[in-house]
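Listed below are the residues making up each chain.
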Amino acid sequence: MTQNFLDNTLYEMDNLIVLRGMNSETVDLIATDPPFNTKRNRSGTAGFYVDNWKWGDTDTLPDQWKWNEVHPKWLEEIKDNHEALYHAIDAAKHCQGEDTAAFLCFLSVRLLEMHRILKPAGSIYLHCDPTASHYIKTCMDAIWGKNNFRNEIVWHYYNVASTSRKFLGRKHDTIFFYAKSKATPFNWDSMREPYSPDSNWVKASGSYGDPRYSPNEKGKLIHDVWRIPTINNMAKERTGSPDQKPLALYERIIKASSEEGDLVLDPFCGCATTIIAAQNLNRRWLGIDRRKDARYHIITRLMGISRKDREYIEKHAIDKKWLDRQMQPYEMHYQTEPPKRTDKNDQTAPELAQVYSAEPENPLTHAEMRGILLKQFGVQCWGCNFIPPDERYLQLDHIIPKSDGGTNHIDNRSLLCQPCNSKKSNTMSLNALRRQNDRDGHTQPNEQIDLKAALPWTKTYSMEIIEQMIREKLNQLEIDYSKP
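Rules used throughout
- Residues numbered from 1 in each chain as written.
- Predicted model: local features only at pLDDT ≥ 70, side-chain atom pairs only at ≥ 80, totals over all residues.
- Heavy atoms only, no water.
- Axes fitted to C-alpha atoms, helices over the stretch in contact; angles between N-to-C directions.
- Helix = DSSP H or I, 4+ residues; strand = E, 2+ residues; numbered from the N terminus.
- Parallel < 35°, antiparallel > 145°, perpendicular 65-115°, else oblique.
- Left-handed = near helix turned anticlockwise from the far one by under 90°.
- Contact = heavy atoms within 4.5 Å.
- Nonpolar A, V, L, I, M, F, W, Y, C, P; charged D, E, K, R; others polar.
- Buried < 20%, exposed > 50% of the residue type's maximum accessible area, 1.4 Å probe, protein only.
- Pairing = 2+ DSSP bridges.
- Polar contact = N/O pair within 3.5 Å; in protein donor to acceptor, adjacent residues only side chain to side chain.
- Core = buried A, V, L, I, M, F, W, Y, C linked by side-chain atoms within 4.5 Å.
- Salt bridge = Lys/Arg side-chain N within 4 Å of Asp/Glu carboxyl O.
- Phe/Tyr/Trp six-rings, centres within 6.5 Å; stacked < 30°, edge-to-face > 60°.
- Right-handed = clockwise from strand over helix to strand, strands pointing away.
- Expected span 1.5 Å × (residues − 1).
- Disulfide = S-S within 2.5 Å.
- pLDDT = per-residue confidence, 0-100.

Description of the packing of helix H4 (residues 98-117) against helix H5 (residues 133-144)
Step number 1: Packing of H4 against H5 brings their axes to within 10 Å, and their N-to-C directions diverge by 30°. Here H4 lies roughly parallel to H5, going by the angle between them. Along this stretch, H4 crosses H5, giving a crossing that reads as right-handed. From H4, Phe-103, Leu-104, Leu-107, Ser-108, Leu-111, Leu-112, Met-114 and His-115 reach across to H5, where they touch Tyr-135, Ile-136, Cys-139, Met-140, Ile-143 and Trp-144.
Step number 2: Class assignment for the residues of the contact of H4 with H5 results in twelve nonpolar, two polar and no charged.

In C-alpha cells form, the structure reads like this:
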C-alpha cells in the first residue's frame, strides 16, 4: 500500500487515532512496550486513553483501567467482528477481573489496527509482564492466528536485586513474537552471541565430543532466553522513566526482523528506546506517544546527551524553537494531527476488514436492537418457531452471517433460542438454519416469522435512525457556525 505519512515522524497523541489513519500494509516491524497492567497512574477504555504519569513520578498507584468506562458499543464491535477475541477478553474478565479485561480492550483495539498496517511479511514484538501476559497472548492468538505465533521470548535481567520474601523474585519480562504470515523472514544469523570463556567449545579448542563439528566464528546461536542487563548501570541511556528498556534489547529485535531501510513502528514510544535503536541501525521509524515530553527525549537521546545534561537542558533551555532546530539534522518530523487514510476502498485481510472509527458505525446497541425486535415481532425464535416462557431465552444474532458480508445493523438481525444460535454459529444464514431445522425435525408447529415482511420493516426503522442522527449532526453544526 502507499505510505501516507513521513518517515522518522513522532506523533504526539493517542496512538489509536494515528493507527486508524495509517494506510494498510505500510510497516515492516512493530516493536513496542505498551503500558503494563500495574503500578502506574493511567486510565483507559477501548477508544480513549489518559496517561497521568510524569517523568520523575515515584508513586506506585495501580493502573486505573476501569471496566465500567469501556463503551458497550466497543465490546459489541469486537463481539460482532472478532468473536474469538471477544471470548478471550471475556475469559480474562471472569478469571482475572474486570479491570484486566478493560486493559485488554484498550490494547486489543490497537492490536487490530497494528495487524492491519503490517506488511504481509511483517512481524510484531510485544513486551509485557506477568500481570496480564497470559491473557495478552490469547488476544494476540485471536488477532494474528495461533499458527503465526513464533516465540515467547524471556528477557532475563539478572542485574536487578529482589527483596520480596513472599514469592520468588521476578527477574524477567516476556516478549511475544508474532509473524503476519508464513512469508515473514527472520535473520537467524543476527541471533548470535560470543561463546563464554568456560564453554566446552573453547576448552576443547574447537571440538565438542565429535570432531566433525566446530564452533561458528560469529558466535553461538541464542535461544528464547535473552540475558541482557537493565539500564541500571548505563547512565548515558537512562532517562528517568522506570519503564525504560535497554537499547541492546531492542537492537536485537530490530536486527532479527528487519533490514536496513525498513520501517519500524513503536506505538508506545515513550522514552524512545525503539526509535534510537532503529536510527542507529539505519531503519526508518515512526513513533507515537501522547506524553508531551516524548519529543524532547527522542531528540536529546539522538544527540547523545547525558542524562545529567538532558535534565539541565530541560530545566533551563528547553523550548519549542530549540526542539525544532535540533530536529533538522536528523530529518525528524513532529506531528500533532493524525495521518488521513487513503486506502479505505482497498481490500484488507478478510478477518480484520472492520476499521474502527471514533464512534462505532452502528447507532443501536445490542440491547436496544433486541428490545425493538421483541416489541415488534414478539417472544419467538426466528429459527425454529419455538415460543419460550419469556424473553430471557432469546439471543440476538445475524440473518446473513458476518462471514458472508452481513452487517451489524438491525436490518440484519434476528432472535434465536440457544440451540438455534449454537447450530447456526457464524457460518449459516437464517434461511439455511431454517432448512436444517426442517431436516432435523426441530421446527415447531407455530406460525413462522415472515422475513419478507420483517426485513422491510427493520430496513425502514434503520433508515429512520440514520436520518435522525444526520439531522442531529446538522443541527449541531448550525449551532457551532452561529457562534462568534
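Quick look at the pairing of strand S16 (residues 413-417)
For a regular strand, side chains alternate in direction, first toward one face of the sheet and then toward the other.
Step number 1: Among the five residues that make up S16, five are buried, leaving the element largely enclosed by the rest of the structure.
Step number 2: Here S16 shows no split at all, with Arg-413, Leu-415 and Cys-417 on one side and Ser-414 and Leu-416 on the other all buried.
Step number 3: Pairing analysis gives five bridges linking strand S15 (residues 394-398) to S16, with the strands arranged antiparallel. Its bridge partner lying in S16, Leu-394 is registered against Cys-417.

Examining the environment of His-134
Step number 1: With respect to the helices and strands, the residue His-134 is situated in helix H5.
Step number 2: Between the C-alpha atoms of His-134 and Ala-92, which are 42 residues apart in sequence, the distance is 9.3 Å.
Step number 3: Polar contacts involving the side chain of His-134 include one to the side chain of Ser-133, which spans 3.5 Å.

A look at the nonpolar core
Step number 1: Among the nonpolar cores identified, the biggest contains 45 residues, and Leu-111, Ile-124, Ile-136, Met-140 and Trp-144 are the most heavily contacted of them.
Step number 2: For this core, the element with the most residues is H4, which contributes eleven residues.
Step number 3: Sequence-distant contacts of Ile-136, defined by excluding residues within four places in its chain, comprise Phe-103, Leu-104, Leu-107, Leu-126, Cys-128 and Phe-176.
Step number 4: Ile-153, Ile-276, Ala-277 and Met-327 belong to the second-largest nonpolar core, a separate cluster that totals 36 residues.

Observations regarding the pattern of salt bridges
Step number 1: The tally for this structure, following the rule as stated, stands at 17 salt bridges.
Step number 2: Salt-bridge contacts for Asp-14 lead to Arg-290; the nearest nitrogen and oxygen are separated by 3.8 Å. Highlighted residues: Asp-14 in the loop between strand S1 (9-11) and helix H1 (15-21) and Arg-290 in the loop between strand S13 (284-288) and helix H9 (294-302), separated in sequence by 276 residues.
Step number 3: The salt bridge involving Asp-343 is made with Arg-341; its shortest N-O contact spans 2.4 Å. For the pair Asp-343 and Arg-341, a shared accessibility class is recorded, and that class is buried.
Step number 4: Linked by salt bridges that have partners in common, Asp-14, Arg-110 and Arg-290 make up one network.

Things to note about helix H14 (residues 430-440)
Step number 1: Of all the residues in H14, the buried ones are Leu-430, Ala-432, Leu-433, Arg-434 and Asn-437.
Step number 2: A positive phi of about 75° marks Gly-441, the residue just after H14.

Points about the packing of aromatic side chains
Step number 1: One pass over the structure, following the stated rule, counts eleven aromatic pairs.
Step number 2: Ring geometry for Trp-144 and Tyr-178: centres 6.3 Å apart, planes at 50°, overall tilted. Highlighted residues: Trp-144 in helix H5 and Tyr-178 in strand S8 (residues 172-179), separated in sequence by 34 residues.
Step number 3: Take Trp-144: its relative accessible area is 3%, and that puts it in the buried class.
Step number 4: The exposure class of Tyr-178 is buried, given its relative accessible area of 0%.
Step number 5: Judged by centre distance (4.8 Å) and plane angle (70°), the ring pair of Trp-155 and Tyr-157 falls under edge-to-face.

Details of the pairing of strand S12 (residues 263-266)
Step number 1: Every second residue of S12 is oriented toward a common face, with Leu-263 and Leu-265 on one face and Val-264 and Asp-266 on the other, all of them buried.
Step number 2: Inspection of the sheet shows strand S2 (residues 27-32) paired to S12 by two bridges, in the parallel sense. By the bridge assignment, Leu-29 is partnered in S12 with Val-264.
Step number 3: Relative to S13, S12 runs parallel, the two sharing four bridges. Pairing of Asp-266 across the sheet is with Gly-287, part of S13.
Step number 4: At this point the chain moves from S12, through helix H8 (residues 273-280), to the parallel S13, and the crossover so formed is right-handed.

Quick notes on unusual backbone geometry
Step number 1: Although it is not a glycine, Asn-8 sits at a positive phi angle of roughly 55°.
Step number 2: Structurally, the position occupied by Asn-8 is in the segment before S1.
Step number 3: Relative accessible area serves as the criterion here: at 12%, Asn-8 is assigned to the buried category.
Step number 4: With a phi angle near 60°, Asn-282 is a residue other than glycine that sits in the positive phi range.
Step number 5: Residue placement: Asn-282 occurs in the loop between H8 and S13.

A closer look at H4
Step number 1: Between its first and last C-alpha atoms H4 spans 29 Å; for 20 residues at 1.5 Å apiece the expected length is 28 Å, and the two agree.
Step number 2: Of all 20 residues in H4, 18 are buried; the element is thus mostly enclosed.

Considering the state of the cysteines
Step number 1: Applying the stated criterion to the full structure yields zero disulfides.
Step number 2: A disulfide-free cysteine, Cys-384 has its sulfur positioned 3.7 Å from the sulfur of Cys-420, the nearest such atom.

Describing the confidence of the model for the chain
A low pLDDT means the predicted coordinates there should not be read in detail.
Step number 1: Considering every residue of the chain, the mean pLDDT works out to 80; 75% of them sit at 70 or more.
Step number 2: Counted against residues more than four places away or in other chains, residues 346-360, with its pLDDT under 50, gives 34 contacts.

Quick notes on the packing of helix H3 (residues 83-95) against H4
Angle between the axes and distance between the axes are the two parameters that describe a pair of packed helices.
Step number 1: At a minimum axis separation of 8 Å, H3 and H4 run at an interaxial angle of 155°. Of the possible angle classes, the one that applies to H3 and H4 is roughly antiparallel. Considering how the two elements wind past one another, H3 and H4 form a crossing that is right-handed. Side by side, H3 and H4 meet where Leu-85, Ile-89, Ala-92 and Lys-93 of the first sit next to Glu-98, Ala-101, Leu-104, Cys-105, Ser-108 and Leu-112 of the second.

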